[in-house]
Amino acid sequence: MSHSYFDTEDNKRRPFELPGAKPHYNPDRPGQVDRIFLDLILDIPNKSFKGSCTISLTPVRPGIKRLILDAVNLEIESILIDDVSQPFDYDGEQLDINLIEPTADKQIKIEISYSVNNPQRGLYFIGPDRHYPNKPVQVWTQGEDEDSRFWFPCFDYPGQLATSAIRVKVPKEYVAISNGELIATVETGENKIYHWSQKQIHPTYLMTLAVGDFAEIRDSYNDIPVTYYVEKGREDDAKRSMGKTPAMMEFLTKKYGYPYPYPKYAQVCVDDFIFGGMENTSTTLLTDRCLLDDRAAIDNQRTESLVLHELAHQWFGDLVVIKHWSHAWIKEGMASYAEVLWTESEYGKDDAAYYLLREARSYLDEDSSRYRRPIVTNVYREAIELYDRHLYEKGACVYHMIRAILGEELFEKSIHTFVNDNAHKTVETIDLLRAIEKATGYNLKFLFDLYVFRGGHPDFKVAYSWDGDNKLASITITQTQAKDNDSKNELFDLKIPIAFAYVEEKGVDPLKLKTFTLRIHQQQQTFYFPLEKKPDFFSFDVGNNFLKTVTLEYPVPELKAQLKYDRDPISRIYAATTLAKKGGIDIVNTLAETLTKDSFWGVRLETAKQLATIKLDQVVTALAAGLQDPDARVRRAVVEGLSKIKTAESYDILKEFAQKGDPSYYVEASAYRSLGGMVSGNLKEKQEEVIDLLKTVLQQGQGWNEVVRSGAIGGLSQMKTNPAAADIILEYTKLGTPQPLRLASIRAIGAVSTGQTPDKLESILDQLETISQETFFLTQVAVSSALGQMETPKAVGILQTLAARTPDGRVRRIAEEAVSKVQKNIGSDKAIKELREEFDKLKQENQDLKSRLAKLEAKDS
């Protein structure tokens with residue numbers, strides 16, 4: 001199978017496979033790991049631990065003489081097999097055990113004594129320091145993808161499933177949480193030993209440990225303990241943020257057709273977590289930034305989706321385990337699609353449809369601006385590179401297309417079959433196809449060939465017209481991603497429903513549809529439909545179930561009718577987008593009515609975005625009405641829309657709105673960010689008063705997740721020629737600044753750098769170079785982002801040093817991609833300079849010609 005169908009020079013995408021990428025396979029299996037037992041003593045003040053890892057292994061065959069385990073930066077002290085010391089070689093990455101006696105047909109016990117000092121991955125020590133004296137003392141682990149090897153020796157790939165247990169000694173003021181059931185606690189002087197046992201098999205990357213002075217909030221689902229662990233003082237935030245967990249467990253049990261499979265479900269919110277969440281078996285770790293205060297609950301969807309996503313993994317990922325990282329979409333795509341399913345159940349079909357649209361857009365953005373790849377590929381440098389928008393968001397869209405093709409009943413039957421047939425087993429993508437065929441008789445290999453095993457999606461252009469004389473509707477559909485009908489690898493072959501819609505003012509349902517299904521498989525196809533009367537509008541891909549881009553070429557009256565009457569909010573959004581491109585006062589009035597009257601907030605939000613693209617003075621009045629919208633998400637889009645219209649009127653409206661504030665943190669932050677983006681060109685004289693306002697915001701003190709103050713920093717970052725803005729941002733990049741605000745400031749200093757003086761640019765580079773030497777994952781990501789926005793060759797050197805030094809493959813890739821961005825920025829900057837020089841030269845030549853002409857005219861006279 002080819003892994004780069006569309007990675008050609010024509011599409012201007014960088015290839016997914018970076019230099020050094022190669023095919024990856026699971027290693028040869030010496031036997032079945034039956035159990036892993038960790039017996040550890042934590043030395044929290046010294047950021048170290050010691051203990052033993054005992055692996056019970058049943059050899060797959062007799063006569064095995066070597067065992068090779070993954071173990072990175074561990075101090076290996078001794079190895080016993082069945083109590084007999086064994087010779088071993090260790091290179092800092094792999095532990096090679098040379099067995100004195102080759103294996104027989106019986107289980108062996110491998111006991112490895114080891115210690116770890118100041119681990120950089122796998123297990124993290126969090127605690128106060130001189131810059132952050134109030135940081136809590138915590139220890140937590142993160143195993144996915146292949147980081148468990150950094151805190152215990154193991155066969156570190158998902159194809160090995162085993163039971164596990166962790167016994168850990170910690171200072172008695174702390175609580176230790178791990179997988180499975182707590183089977184014993186013992187106090188010994190100033191310490192306490194916790195013994196956890198996970199009786200259901202799972203892979204090494206899902207083994208976890210979290211230690212801290214946590215408050216425990218107890219809940220339950222069907223007599224199963226459900227617990228929330230948070231820093232003391234945040235108990236109300238815990239209930240507000242995770243309180244729907246029991247209802248979600250009930251929902252997913254029905255959706256997946258399998259009872260929640262573990263003896264408890266714990267969620268532990270930890271400080272400095274490097275991801276949003278991690279679905280360790282029965283014990284999810286979450287970033288404490290997901291905890292909502294009373295005001296943040298207005299914008300609760302991110303937290304609710306995160307809690308649901310990690311819970312869904314208890315079935316997809318933990319109960320049904322991927323055999324190899326290349327098939328991770330099975331679990332990540334479903335956990336992402338579970339967010340859509342929950343949204344539909346909790347908030348309705350319109351919200352779910354819009355949620356899915358945003359998932360699709362997230363993937364489409366990565367596909368167009370970063371790279372295109374098959375969802376399933378084993379060609380990479382490190383497995384973590386696969387954890388991108390193709391895996392999550394495109395994976396979710398694939399599950400939705402399966403649901404659309406099969407229908408609700410057969411989709412659920414397929415998912416139930418897949419989960420029940422593969423519980424406590426490992427799976428590959430073919431197993432999902434087999435379950436679908438077993439449950440329904442349908443073979444969906446064609447869909448997987450189009451969307452999973454190759455990259456890309458169809459880009460449709462749809463033209464509709466009506467021939468009144470012959471009462472004939474004409475539909476021309478073009479797959480613009482394909483050059484011609486011979487572009488077999490680029491064409492999609494799909495059966496897509498269309499509908500002609502008639503609006504009848506009488507009756508409960510004013511909309512009547514005449515539907516057809518078309519097979520779209522050529523580069524361009526035209527279809528004709530004799531109809532009794534002219535439709536009010538036409539709808540392509542009824543239900544909008546297929547992952548695609550679509551450009552509509554419909555007459556304005558039909559687009560207006562669709563915007564007003566189509567039941568599908570996504571079709572109304574497409575109509576609004578197409579109308580906005582046509583422009584004009586009539587369109588402004590139509591969209592203004594939609595902004596205030598459409599029943600669905602998502603359509604109002606998108607309408608606000610589209611109004612802002614029309615360059616007419618009347619747009620300001622139309623948008624301003626949306627500032628009163630009851631939905632914070634719409635108000636935020638209106639604020640951002642107003643900022644794109646840089647007039648004195650829109651500035652005054654936005655400034656007044658920002659000074660009054662908003663119930664939503666995010667709306668308020670957007671107002672500050674947007675003001676900073678407005679004060680250029682004819683509004684440049686307003687920069688000083690905006691800086692004063694933003695400085696006042698920054699001086700207000702710490703707020704929830706620093707959302708509002710980060711908005712102020714974002715506003716300053718857009719004043720690219722203002723040295724005062726750069727100085728303020730630089731101040732907040734220093735250690736001691738609350739972490740969310742510091743990370744925002746690091747990213748922002750890269751943005752503001754592009755218009756600064758050489759001296760200011762030098763000081764920015766010096767600060768970023770210093771920051772790049774810090775080891776925290778999120779700081780390295782932020783500094784890579786900052787440097788990637790710059791337009792100086794010196795940024796390249798810092799990025800290359802960071803890429804060479806970091807132990808993290810994700811940071812390495814981000815830094816390398818940032819190098820390409822800087823080089824492109826420098827190239828475009830050089831091209832602009834050359835154009836300016838050429839223009840100046842032409843101006844001079846033109847002036848010379850005029851002078852010579854004037855001289856000739858003077859002579860003639």
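Before any of the text, the structure's been laid out above.
Here we summarise the structure given alongside this text. (Residues numbered from 1 in each chain as written. Predicted model: local features only at pLDDT ≥ 70, side-chain atom pairs only at ≥ 80, totals over all residues. Heavy atoms only, no water.)

Comments concerning the sheet that holds strand S13 (residues 175-178)
Taken in spatial order, the four strands line up as S10-S11-S16-S13 in an open sheet, and their pairing is antiparallel. Only two strands of the sheet have a single neighbouring strand rather than two, namely strand S10 (123-126) and S13. Taken over all neighbouring pairs, the strand axes of this sheet differ in orientation by 15° on average, direction set aside. Of the pairings in the sheet, the one linking S13 to strand S16 (residues 209-212) comprises four bridges and is antiparallel in character. Residue Val175 lies in a different strand from S16, and its bridge partner there is Gly212. (Pairing = 2+ DSSP bridges. Helix = DSSP H or I, 4+ residues; strand = E, 2+ residues; numbered from the N terminus. Axes fitted to C-alpha atoms, helices over the stretch in contact; angles between N-to-C directions.)

Observations regarding the packing of helix H21 (residues 739-752) against helix H23 (residues 777-788)
Between H21 and H23, the least distance of the axes is 7 Å, while the angle of their chain directions is 20°. Looking at the two axes, H21 sits roughly parallel to H23. Two packed elements cross with a definite hand, and for H21 against H23 that hand is right-handed. Along the contact surface, H21 presents Gln739, Arg742, Leu743, Ile746, Arg747, Ile749 and Gly750, while H23 presents Leu778, Thr779, Ala782, Val783, Ser785 and Ala786. Partitioned by chemical class, the residues of the contact of H21 with H23 number seven nonpolar, four polar and two charged. (Parallel < 35°, antiparallel > 145°, perpendicular 65-115°, else oblique. Left-handed = near helix turned anticlockwise from the far one by under 90°. Contact = heavy atoms within 4.5 Å. Nonpolar A, V, L, I, M, F, W, Y, C, P; charged D, E, K, R; others polar.)

Focus on the pattern of salt bridges
Per the stated rule, a full pass over the model turns up 58 salt bridges. Note that Asp156 is salt-bridged to Arg149, the shortest N-O span being 3.0 Å. Using a relative accessible area of 1% as the deciding quantity, one classes Asp156 as buried. Classification of Arg149 by relative accessible area gives buried; the value is 14%. With its nearest N and O atoms 2.9 Å apart, the salt bridge here joins Arg389 to Asp365. (Salt bridge = Lys/Arg side-chain N within 4 Å of Asp/Glu carboxyl O. Buried < 20%, exposed > 50% of the residue type's maximum accessible area, 1.4 Å probe, protein only.)

Remarks on the sheet that holds strand S29 (residues 524-530)
Spatial ordering of the open sheet is given by S29-S26-S25-S31, a layout of four strands whose pairing is mixed. Each having just a single partner strand, S29 and strand S31 (549-553) make up the two edges of the open sheet. In this sheet, neighbouring strand axes are inclined to one another by 20° on average, regardless of whether the strands run parallel or antiparallel. Relative to S29, strand S26 (residues 472-479) runs antiparallel, the two being bridged by seven bridges. Looking across to S29, one finds that Ile477 is bridged to Gln525.

Functional significance is not addressed by these values, which are geometric in nature.
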